[in-house]
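Observations on chain architecture
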Amino acid sequence: MKVKTSVSLSEKLLAAIDCDGLNRSEFLEKAAWEYIHRQEQIKTSRHDLEIINANMVFLNQEALEFHELQAVWLEPTNQYAAR
């Protein structure tokens, strides 16, 4: 359901909106939804970063252990030298 509302915008902004090809209401609704979605993405990214930072020491230790294991796996072995 659409609700009629009134907002005050600068003439320069209205001129830019009018050049888009959409009517003003469509343009402003689209812009508002894009802004809301972008803010949700920023909030999610911040939350993810907080989780990563909270687990940074553990994750770094895991990465170091993995690299140590990988180095052992990749060490050249000469299994035929004893023969």
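A short tour of the structure in this document, coming up. (Residues numbered from 1 in each chain as written. Predicted model: local features only at pLDDT ≥ 70, side-chain atom pairs only at ≥ 80, totals over all residues. Heavy atoms only, no water.)

The subject of this paragraph is helix H2 (residues 24-54). Taking 1.5 Å per residue as the helical rise, H2 with its 31 residues ought to reach 45 Å, and the 45 Å between its terminal C-alpha atoms agrees with that figure. Two or three places before Ser 25, at the start of H2, stands the capping residue Asn 23, its side-chain oxygen 3.0 Å from that residue's backbone nitrogen. (Helix = DSSP H or I, 4+ residues; strand = E, 2+ residues; numbered from the N terminus. Expected span 1.5 Å × (residues − 1). Polar contact = N/O pair within 3.5 Å; in protein donor to acceptor, adjacent residues only side chain to side chain.)

On the surface, Phe 66, Leu 69, Val 72, Trp 73 and Leu 74 cluster together into a nonpolar patch covering about 580 Å² of accessible area. Along the chain, Leu 69 falls in helix H3 (residues 56-74). Residue classification places Leu 69 among the partly exposed positions, given a relative accessible area of 45%. (Patch = residues over 30% accessible without salt bridge, like charges linked within 9 Å, V, L, I, M, F, W, Y side chains within 5 Å. Areas by Shrake-Rupley, 256 points an atom, 1.4 Å probe, with all protein chains shown as cover. Salt bridge = Lys/Arg side-chain N within 4 Å of Asp/Glu carboxyl O. Buried < 20%, exposed > 50% of the residue type's maximum accessible area, 1.4 Å probe, protein only.)

Throughout the structure, instances matching the rule amount to two salt bridges. The salt bridge involving Lys 2 is made with Glu 29; its shortest N-O contact spans 2.4 Å. Taken together, the positions of Lys 2 in the segment before helix H1 (11-18) and Glu 29 in helix H2 put the pair 27 residues apart, joining distant regions of the chain. Between Arg 24 and Asp 18 there is a salt bridge, with its nearest N and O atoms 2.9 Å apart.

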